[in-house]
Amino acid sequence: MSGHGTPLPMTSSACGPLNGVAEVPGDKSISHRSLILGAMAVGETRITGLLEGEDVLDTAKAMRAFGAEVTRHDDGSWSVHGVGVGGFAEPDQVIDCGNSGTGVRLIMGTMATSPITVTFTGDASLNGRPMARVTDPLALFGAQAVGRNGGRLPMTIVGAADPVPVRYEVPVPSAQVKSAVLLAGLNAPGQTVVIEKEATRDHSERMLAGFGAEISVEESEDGRVITLTGRPELKPQVIAVPRDPSSAAFPVCAALITPGSDVLVPGIGLNPTRAGLFTTLREMGANLTYENEREEGGEPVADLRARFSPDMKGIVVPAERAASMIDEYPVLSVVAANSTGKTMMGGVKELRVKESDRIDAMARGLRACGVTIEEGEDWWEVTGLGPQGVPGGAVCESFLDHRIAMSFMVLGMAAQAPVSVDDGNPIATSFPIFEPLLNGLGARVKRG
Ligand code: S3P
């Protein structure tokens, strides 16, 4: 959906201990991919635990527009009857991906090697984000893109009628770009090769293999070399979407900074390409333990137990860890503000082109709440105020960015004066139950 309606101000005030079990929703990255790969398989893919956030619902709607049958059952599970690789029909409407960069970039890749013409749009945040990073490699397959100045949405893509396979070295650490190229490669003859210097989340590789595609990953001097053989027949799957570590980050961080808290966040995927935040928090001295460690669907999973941690210290977060925690820097900066000493976060240029410029968005709000931040193009540093906490008392802008809005709500839980955001609507894109779930643990998040 483009736009999020009337702004929804939200305020979070200091609360007593957070206690209980926080069952966070399904993984957003895996949810998008389940729907898209289901739509490319022949037969019925069944999905449980799908994230029913706006971003994913927009992708479900898009898959219907391409001809797949996508149904939600009364028990909350979903079915996708796919059209097969190369079977996408030309939609008779503009594809509106709302706030979702993952949705639009993956779908662009998926349609780019079919002889169809598709126009994409999104909300004000998505329409400001760079798309050339995806349309450049898609042009190598033979697709053509016409967008607004600088490669922005709304944008029309004319898919290649006669696609050729490509070999592409991804110039930015981006799972969305990697995945767009792999999905395009599905309907190109021969082998498509994608090389990434830094490992980014590998859900596309794992799931393509699960759906029966021929795909291999080799570590070489140049990085990870992924080779996909085009035109497979994808086999429908039964998918149990694990809970989202990026959503788990909010109750975990809230518990670490709120006096007396003890929160269990069960069933969280600890895939090494996603779990960088939890490693970082433990290095800072967080009382965060992994309980009941197990393997589910080929992924390491654990129950996370987070307890109030008044002795956390600022650290230098290794730049090479950035890709594995790229969505978690906003909430990490909130923990850093409540720790002792400086937390330096480098190698994070990508934060400037997310749903908002996340360094700028957090720096503005944290400064307004009394925290000292220094920043450069690809780094920022937060000076922690220690367990005495953050003064707070400001209204922070969320810039149409769910993770910014949720991070400021977490800040308010341990601040001296309430913290507000001008608009909490974007939270529904990834974590629609954020407010009742956190309040159920003891938080005081209110509308208004
Ligand atoms: C995602 C990749 C990341 C991440 C986003 C989800 C994905 O984006 O920030 O929330 O599902 O592939 P980039 O590929 O731009 O790093």
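All values derive from a computational prediction rather than experimental measurement.

Focus: the site of the ligand
Residues in contact with the ligand, as listed here, are S29, R33, T102, P173, S174, A175, Q176, R201, I326, D327 and K354. At 3.0 Å, a backbone N or O of A175 approaches an oxygen atom of the ligand. Between the ligand and the protein, one listed contact pairs an oxygen atom with a backbone N or O atom of Q176 at 2.8 Å. Protein contact buries 96% of the 380 Å² of open area that the ligand shows by itself. Taken together, the elements giving at least two residues each to the shell around the ligand come down to α1 (28-40) and α5 (175-185). Here the residues of the shell around the ligand are counted per class, giving three nonpolar, four polar and four charged. Two domains each provide a minimum of three residues to the shell around the ligand, namely domain 1 (10-26 + 242-447) and domain 2 (28-240).

Some details on the domain arrangement of the protein chain
Each assigned domain of the protein chain is listed with its residue range as follows: domain 1 (10-26 + 242-447) and domain 2 (28-240). Relative to domain 2, the C-alpha centre of domain 1 lies at a distance of 29 Å. Contact residues are listed per partner, giving 23 residues for domain 1 and 26 residues for domain 2. Summed over the shared surface of domain 1 and domain 2, the result is three salt bridges.

Things to note about the side chain of S29
Along the chain, S29 falls in helix α1. With residues near it in sequence (within four places) discarded, S29 still touches R201, H203 and R274.

A few points about the sheet that holds strand β18 (residues 316-317)
The strand order β18-β19-β21-β20 describes an open sheet built from four strands, whose pairing is mixed. A strand with exactly one partner marks an edge of an open sheet, and here the two such strands are β18 and β20 (372-376). Docked against the sheet, helix α10 (residues 358-368) engages β20 and β21 (379-385), running at close to 160° with respect to β20.

Remarks on the pattern of salt bridges
Evaluated as defined, the whole model comprises 31 salt bridges. One salt bridge connects R133 with E350, and the closest N-O pair in it is separated by 2.8 Å. Of this pair, R133 sits in helix α4 (residues 132-141) while E350 sits in the loop between β19 (340-346) and α10, and the two are 217 residues apart along the sequence. One network of salt bridges, with partners in common, ties together R129, R201, D327, E355, R358 and D401.

Topic: the packing of aromatic side chains
This model, assessed by the stated rule, comprises three aromatic pairs. Where F66 meets F88, the ring centres are 4.4 Å apart and the plane angle is 20°; that geometry is what we call stacked. Here the residue F66 occupies a position in the loop between α2 (54-65) and β4 (69-72), and F88 occupies one in the loop between β5 (78-83) and β6 (95-96), the gap between them amounting to 22 residues. Of the two residues, F66 and F88, both sit in the buried class. Judged by centre distance (6.2 Å) and plane angle (90°), the rings of F250 and F434 are edge-to-face. Of this pair, F250 sits in helix α7 (residues 245-257) while F434 sits in helix α12 (residues 434-441), and the two are 184 residues apart along the sequence. Through pairs of rings, three or more aromatic residues link up here, namely F250, F431 and F434. Here R282 stacks its cationic end above the ring of Y290, 4.0 Å away from the centre of that ring.

Side note on the sheet that holds strand β17 (residues 299-307)
Ordered in space as β2-β15-β17-β16, the four strands form an open sheet in which the pairing is mixed. Unpaired on one side and paired on the other, β2 (19-21) and β16 (287-296) mark the two borders of the sheet. For this sheet, the mean inter-axis angle between neighbouring strands, taken without regard to orientation, is 20°. In the packing of α7 onto the sheet, contacts are made with β15 (262-269), β16 and β17, and the angle to β15 comes to roughly 165°.

With respect to the side chain of S77
Within the secondary structure, S77 sits in the loop between β4 and β5. Among the residues examined, S77 registers a relative accessible area of 4% and is labelled buried. There is a polar contact of 3.2 Å between the side chain of S77 and the side chain of R46. A polar contact of 2.7 Å, which involves the side chain of S77, links it to the side chain of D75. In contact with S77, other than residues within four places in its own chain, are R46, I47, T48, T71 and R72.

Basis of the calculations
- Residues numbered from 1 in each chain as written.
- Predicted model: local features only at pLDDT ≥ 70, side-chain atom pairs only at ≥ 80, totals over all residues.
- Heavy atoms only, no water.
- Near = heavy atom within 4 Å.
- Polar contact = N/O pair within 3.5 Å; in protein donor to acceptor, adjacent residues only side chain to side chain.
- Areas by Shrake-Rupley, 256 points an atom, 1.4 Å probe, with all protein chains shown as cover.
- Helix = DSSP H or I, 4+ residues; strand = E, 2+ residues; numbered from the N terminus.
- Nonpolar A, V, L, I, M, F, W, Y, C, P; charged D, E, K, R; others polar.
- Domains from an automatic or database assignment.
- Contact = heavy atoms within 4.5 Å.
- Salt bridge = Lys/Arg side-chain N within 4 Å of Asp/Glu carboxyl O.
- Pairing = 2+ DSSP bridges.
- Axes fitted to C-alpha atoms, helices over the stretch in contact; angles between N-to-C directions.
- Phe/Tyr/Trp six-rings, centres within 6.5 Å; stacked < 30°, edge-to-face > 60°.
- Buried < 20%, exposed > 50% of the residue type's maximum accessible area, 1.4 Å probe, protein only.
- Lys NZ or Arg CZ within 6 Å of the ring centre and 35° of its normal.

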